[in-house]
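Residues per chain are reported as follows:
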Amino acid sequence: MLSLDQFLLLGSIVVPAFVSLLLFAGFGNTDNFAKKLAYIGFGFPFLAGIVLFFRFDEGDNGYAFEFLCSRFGLQELGIHFHLGLNGVSSPLFAMAGIVGLAAGLAAINSGADRIRLYLALISLMQAGLMGVFASVDLFFYYLFHEFALIPTFIMIGLWGGRDRRSVALEITIYLTLGALLSLAGLVALNTFVDAESFDFPSLSKALADSNLFDSTKSKIFGFLLIGFGILVALFPFHTWAVRAYDAAPTSVSMLHAGVLKKFGLYGLIQVAAPLLPESAQSWSPLLLWLALGNVLFVGMVAIAQTNLKSMVGNGSVMHMGYCFLGIGVCSSLGASSAIMLMVAHGLSVSLMFLLAHYIQRRADTMEMSEMGGLAKQTPLLACFFVAASLATIGLPGFGNFWGEFGVFLSLGQQSSTQFFLYFAALGIIISAVFGLRAVARIFFGEPSEELESVLSKKKISDLSFSEIIPAGLILFSLLLIGLWPRTISPRIDVEIESRYGALDIKVAGSDLPPCCPAKEEKKTATSPLQLKD
Amino acid sequence: MQPYYETEGMESVILSVLLLPLLSSVVTLLFLRKNGNVASLLSVATSGGILVFSLYIIFQTGDTVFAWEMTWLKLAGWELKFGFLIDGAARLLLFVVSFIGFLIHIFSLGYMHDDKAKPRYFGGLSIFMFSMLGITLADNLIMIFVFWELVGFSSYLLIAHYFSTDEAAQASKKAFIVNRVGDFGFLIGIVLTYWTFQTVNLQEIRNLVDFDPSLVTTTLCLALACGFIGKSAQFPLHVWLPDAMAGPTPVSALIHAATMVAAGIYLLFRIDFMFTVDALSLLATLGATMGLFAGFCALGQRDIKKILAYSTLSQLGYMSAAFGLGMPGIALFHLMTHAFFKALMFLGSGSVIHACHHEQDIFNYGGLRKKMPITALTFLTGVLAISGVNFLSGYFSKDAILLGAYNSNMIVFVLLYTGALLTSLYMFRLYFLTFEGDSRSKSAKDATESSVLMTGPLLVLAFLSVVGGYHTLFPDPIVGVLLDDISRVAAMPNHLWMVVLGTLAWIIGGGTSKLFYGRAFNGEPLEARFPTLYDLCKSKLFFDEIYGFYVSKIQDPFARFIEVMELLFISGLLVRGSAGVSALFALLAKACYAGKIHAYSFWFILGIISFVAYAIGFLGN
Amino acid sequence: MTPHYFLFLAFLLFGVGFLGVVIRRNLLIVLMSLELMLNGVNIALVTFSRVGLNLDGSLFVFFIMTVAAAEVAVGLALLVALYKKRQSIFSEDATLLRN
């Protein structure tokens, strides 16, 4: 019989999938009924995410709430339906629930036509997203990712903005290519190593015992890196992301940029790097250079944008660069900061897309030059937007700061990566430039002519109650992590420490600058700090 | 080694000092958005509470050091602590911030009385107090950085108070971005510090440096000083401060005169043990140059607030020079006296601006002494103090700096002394044009004295500007940190000569300006007599234009260039290109589907033949 | 009577039939050329049967002849159907599947 935790975990995948099935089957005859079903479909994963977050308690091999169903799967190949949360996936799971609820509420209130179908597809996507972070078995991890990815193509093609046909085609091919490469890597991992099952713990055990050539391991890591890199918009494989977010409907952008993108990074941190430490080290310079390209190159492109949604899309790709830098450094500090940044970035970027949608509803345009002075009509929206912008550019008080700062700190550890520190830190200036420029162009100053004509035709109102709820939910979570990062950091810390032990030994022995030999005695003798906790 | 303070509960007092303004701003944000009066009273009450608690902390810790910390974040061996360090410097700045903050809150009640967005203003002031107190009380570099950025944010919020004007929108953006450039250097400095010392706690670093001075490098301390350069608007990041005058005047007084810009000097003081000789001399020269340069700029300005802003830049240069000359205590001393008279003058200008219905050009003032006697008198006190008139507060601190410069670095001394001449020149110019002579516009004619809410703080600050230099009058907990350097300076030679020179400076400056502006004139006398000099001053050496040029002609086109490159090469060549290559293969394959029976039969037979040939072994195995 | 002459004849027949299939446009002629090819193979088989002094080749000839007859029937039926559709039995008129 299922315990409450297992029920919640399983339900967070099954309930949205079931809702989606009902909606596909035509149950929502009236739009209202469809919306009610959708509330359940998004509300349950949100509740599950929050409740399981607070009830989290590590098990023996680092996983909590494990649920293993052996009859459902391909046992001969070693694939089992194995669910569970560990220290790294628990905050991501909760984040997926929060962003999912916000995106779902935005979708329900979006007024799209054929809303039953739209909600069905988004519920399916949500089921996939929750499954990605809840899976322990690699096969189902990949399967749920595809569950979440494929509805995006359909939704962009049907409900998207300008260019939607060509964009849908482009990202279908591009992302399937990325998924294919990563699948090749995962399958190679399973084939070359004789593991008893396809999940992380047994794979790591088997890899430790195997004697693969280093070149083979390096090739496998390469496949995983490029495959996941395409999925997460690593430079130079990032151009699909901006076009996709520009064309996609709001909820799809929120879920894709906020949650789905983290799949690749999560895979790299959980699977690739700890299982293949030497290959991670050898690929590290390339990864660092490409990530730097993300930060600087895409950052400059963001500055050149005049369309709000393109700017937000470019900004999100730029901040993924920081996560990659954290991974590329191959130290536990870098990896744990990357995870913190992933959680916070997911929240902040989805909030930005949501607010961009609200702005578009009011100003009838996404071009920033056609807005101006909106803060007079919509002060609350302005407040939210300023908060979201400052969160994305890494102001302390929001969660992004801790992740970014940790990444910078990890870059400074070795003299070989300090070069990257100098250039990556330029990113804080670049993001401030485009972030604040957007705020000034949209909300401050005098209204532009186009906005004046819009104002003469209709009244622009401030945020309504149904609009405040999703935005407020995300902002509250961001502030919580920002002000009290120990909400999520201890469990991340424990998990990463246990996995990254091998890498850290290699890193710690390298060229750390020499420190005072007698530092320890000096400390106790002359500085009796009053430590209170 | 100072004794440590041992008591229970001090950290809760400090925490309440820190959290009280945060709470006030949150309450304002959530509940009081429409209720301006309650918000303003709440904010003023909070600042009063802060003052009371701060005085308690100051006097309870006396001359001991109090340290406390707790873990804020722990990731993979890096442990970030949230802690407090109350030593002499902290007490001094705590006093300055809380006292002047309280006075400015009271002034704001009067100044912002008719403003429509009072809740936003007072909420912003509370956030600012929270952040500034965080910098004051912090015990490690990362915590200082956190509150550093938050101070930048509150400055952004408050400068953008009149957001419907283009001026405020651009100025707030500029302030934040230029600050961020400084923070970029600061961040790199902190990261390097962490890996050099394995800690960012100030006391621990001090002990480690004592133990092994070779750990610090010039690069390290200059990187950390980038934060100072950004926040305290030193060269080359000074361009945001004059533009920041677009915010309400009390904001300029609090943030851009007394406290936030002083945070940079405070930071330098906190890490002064990390500076190498080269870095110090660089800072001294830069500071002295800034002092002189800003003086020239102030001479060419017509807006009353911009003159005061450049004057602040100049005085910050003095503080930097004092620090660079090896007298950090004197820098703090000047910080304190400057806070008094600069806040006084900003508030005085606020009173004038409010009375003249937001007219800010001094050439449209005149004769206000008769209309606003209290404002005029207090303003005059401030002018006298900043010019270094003997026995007022500014005299003591400036005299100490000049004496130190004379005895160590002649170039710096010459720069600073010329700066002192200019200071009295432009300050008296400001005074004469505003308060003396006849009213030159209608708004000046209709001016009346401001309410007691505004003149009260003016009087208090005027009193402090007079007696602020007599450090013996102040309680020991506050000024204890200054005593070392003050006695060092008192023991220096050439003291009498310096007094003479200092007196000469303000007499010459004041006299010249009385000559030009005290009597009737047409237009701008300086422009008439010395046109090239005036144009040079007005140009401010084209820094704003250079940065504007950089942004519009270099940065933005470069960004567009990168965008085009991305479209061409990545989207075009790589993505569309690979699609094109596959299309090419598809075309080749399509050629086989000719639709003619003959072609199919031909290929079929060819296929059979090659298969048979392969099977025989003709084509190789 | 060496087998070379017979094999040469068989090769000639086969070659002419092959060329006919590849080159000729008239589908009737193509069918006839196919028959020629088959007959060429028949002669070769009979020759080898004679040379090897056994009946294996000759036996296979019977199979081929039967299959050829069936094939001709089917082929001519297809040709008639094609003519009914296209009013022509030339291969260049049957190009609907051309790109």
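See the structure shown above.
Presented here is a report on the structure given in the accompanying data block. (Residues numbered from 1 in each chain as written. Chains lettered and ligands numbered in written order. Predicted model: local features only at pLDDT ≥ 70, side-chain atom pairs only at ≥ 80, totals over all residues. Heavy atoms only, no water.)

**Description of the overall build of chain A**
- When its secondary structure is counted, chain A shows 22 helices and two strands.
- Since a compact globule built from 533 residues should have a radius of gyration of about 24 Å, the 23 Å found for chain A is in line with a globular shape.
- Counting only C-alpha atoms, chain A reaches 70 × 60 × 45 Å along its principal axes.
- Classification of the 533 residues of chain A by burial places 67% in the buried group.
- Averaged over its 32 positive side-chain charges, chain A has a centre that lies 7 Å from the centre of its 37 negative ones. (Helix = DSSP H or I, 4+ residues; strand = E, 2+ residues; numbered from the N terminus. Rg over C-alpha atoms; globule rule 2.2 N^0.38 Å. Buried < 20%, exposed > 50% of the residue type's maximum accessible area, 1.4 Å probe, protein only. Lys, Arg positive; Asp, Glu negative; His and termini not counted. Charge placed at Lys NZ, Arg CZ, Asp CG, Glu CD.)

**A word on the overall build of chain B**
- In terms of helices and strands, chain B carries 27 helices and two strands.
- When its C-alpha atoms are laid out on the principal axes, chain B stretches across 115 × 65 × 55 Å.
- Expressed as a percentage of its 621 residues, the buried residues of chain B come to 62%.
- Partitioning the contacts of chain B with sequence separation of at least 6, the portion at a separation of at least 24 is 80%.
- Here chain B has roughly 22,700 Å² of accessible surface; of this, 70% comes from carbon and sulfur atoms.
- The centroid of the 37 positive side-chain charges in chain B is displaced by 11 Å from the centroid of its 39 negative side-chain charges. (Contact = heavy atoms within 4.5 Å. Areas by Shrake-Rupley, 256 points an atom, 1.4 Å probe, with all protein chains shown as cover.)

**A closer look at helix H1 (residues 3-23) of chain C**
- Over its 21 residues, H1 of chain C runs 30 Å from end to end, which matches the ideal 30 Å to within 8%, given 1.5 Å per residue.
- Within H1 of chain C, burial applies to Ala10, Gly17, Gly20 and Val21 of chain C. For H1 of chain C, the arc enclosing every buried residue in end-on projection is 105°, short of the 170-degree limit, so these residues lie on one face. In H1 of chain C, the exposed residues that point more than 90 degrees away from the buried face are His4, Tyr5, Phe8, Phe11 and Ile23 of chain C.
- Its buried side turned inward, H1 of chain C meets helix H27 (597-616) of chain B together with helix H2 (27-52) of chain C. (Expected span 1.5 Å × (residues − 1). Arc of directions from axis to C-beta.)

**Some words on the environment of glycine 222 of chain A**
- Assignment of secondary structure puts glycine 222 of chain A in helix H8 (residues 214-231).
- Spatially, the C-alpha atom of glycine 222 of chain A lies 7.5 Å from that of tryptophan 283 of chain A, the residues being 61 residues apart in sequence.

**Focus on the nonpolar core**
- Within the largest apolar cluster, 443 residues are counted, with the highest numbers of intra-cluster contacts made by Trp240, Leu308 and Phe443 of chain A together with Trp78 and Phe275 of chain B.
- Looking at this core element by element, the count peaks at 20 residues for helix H14 (residues 332-363) of chain A.
- Excluding its chain neighbours within four sequence positions, the residues that come into contact with leucine 308 of chain A are Ala356, Ile359, Met366, Met368, Phe385 and Ile442 of chain A. (Core = buried A, V, L, I, M, F, W, Y, C linked by side-chain atoms within 4.5 Å.)

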